[in-house]
Amino acid sequence: MNHESYKFGDFRLDPVQRKLFKREKIIRLSPRAFEILLLLVQRQGEIVEKTELLDRVWTDSFVEESNLVVHISALRRSLSERRGERKFIETVSGRG
């Protein structure tokens, strides 16, 4: 079966299998971290507002922004970003 996947750096995000690969190794992500990454990859080059991330990932739930911060931090670790490095995920102060 041929389906769309997203490639960036050494990574490949497969939305159908719901898996992130680094080369051929599977990188484990929580379901919410996967949803965040998928949205960010689909909107590459655009600013995705915090409110949109919260609304899309935590549908019908009220959550604190700190939940988003925790998941973004985990994603950065999974993507091998070092402290202060913003190779794949960039935070724009006050926006997203």
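Per chain, residues are indexed from 1 in the order of the written sequence. Residues qualify for local features only when their pLDDT is at least 70, as the model is predicted, and side-chain atom pairs are given and counted only at 80 or more; totals for whole chains, interfaces and linings, by contrast, use all residues. To obtain the side-chain values, all non-hydrogen atoms of the structure were used and water was disregarded.

Draft legend 1. Quick look at the pattern of salt bridges. Any carboxyl oxygen of Asp or Glu within 4 Å of a side-chain nitrogen of Lys or Arg constitutes a salt bridge here. Tallying each qualifying case throughout the model produces eight salt bridges. Among the salt bridges present, the one from Arg18 reaches Glu35, with a minimum N-O distance of 2.6 Å. Of this pair, Arg18 sits in the loop between β2 (11–14) and β3 (19–22) while Glu35 sits in helix α1 (residues 31–42), and the two are 17 residues apart along the sequence. Among the ionic pairs, Glu46 bridges to Arg43, the shortest N-O distance being 2.8 Å. For every residue, the accessible area (1.4 Å probe, protein chains only) is compared with the maximum for its type, and the residue is labelled buried under 20%, exposed over 50%, or partly exposed between those bounds. Judged by its relative accessible area of 47%, Glu46 is partly exposed. A single salt-bridge network, built from bridges that share partners, covers Arg43, Glu46, Glu52 and Arg56. We count a stretch as a helix when DSSP gives it H or I for four or more residues in a row; a strand needs E for two or more, and each element gets its number in order from the N terminus.

Draft legend 2. Geometry of the packing of aromatic side chains. Centres within 6.5 Å are what make two rings of Phe, Tyr or Trp a pair, Trp counting through its six-membered ring; a difference in plane orientation under 30 degrees is then read as stacked, over 60 as edge-to-face, and the rest as tilted. All chains considered together, the criterion is met by three aromatic pairs. Ring geometry for Phe8 and Phe11: centres 5.7 Å apart, planes at 20°, overall stacked. For Phe8, a relative accessible area of 15% puts it in the buried group. Judged by relative accessible area, Phe11 falls into the buried class, the value being 4%. In textbook terms, an aromatic cluster arises when at least three aromatic residues are bridged by ring pairs, as seen for Phe8, Phe11 and Phe88.

Draft legend 3. Quick peek at the layout of surface pockets. Taken as a whole, the largest pocket spans an internal volume of roughly 740 Å³. Around the largest pocket, the lining comprises 32 residues; the ones closest to its centre are Leu40, Phe88, Ile89, Glu90 and Thr91. Contributing elements (two or more residues each) for the lining of the largest pocket: β1 (6–8), α1, α2 (50–57) and α3 (65–78). Per-element accounting of the lining of the largest pocket gives the leading share, six residues, to α3. Polar here means any residue outside two lists: the nonpolar Ala, Val, Leu, Ile, Met, Phe, Trp, Tyr, Cys and Pro, and the charged Asp, Glu, Lys and Arg; Gly therefore counts as polar. Per-class residue counts for the lining of the largest pocket are 15 nonpolar, seven polar and 10 charged. In this analysis a 1.4 Å probe is tested at points of a 1 Å grid over the protein atoms alone, and where it fits but cannot get out there is a cavity; an open set with protein on both sides within 12 Å along at least five of seven lines is a pocket; lining residues have an atom within 4 Å of a point. Grid points are joined across faces, edges and corners, and a volume is the space filled by probe spheres set on the points.

Draft legend 4. Representation of the packing of α1 against α3 in the model. Lines are fitted to the C-alpha atoms to define the axes, a helix being fitted only along its stretch in contact, and any angle between axes, read from their N-to-C directions, falls within 0 to 180 degrees. Two numbers describe how α1 lies on α3: the axes approach to 9 Å, and their chain directions differ by 75°. Taken together, the axis directions place α1 and α3 in an arrangement best described as roughly perpendicular. Residues Arg32, Ala33, Ile36, Leu37 and Leu40 of α1 lie in contact with α3, whose contacting residues are Leu68, His71, Ile72 and Leu75. Should an angle fall under 35 degrees it is called roughly parallel, over 145 degrees roughly antiparallel, and 65 to 115 degrees roughly perpendicular, with every other angle called oblique. Contacts between residues were defined by any pair of non-hydrogen atoms, one from each residue, lying within 4.5 Å.

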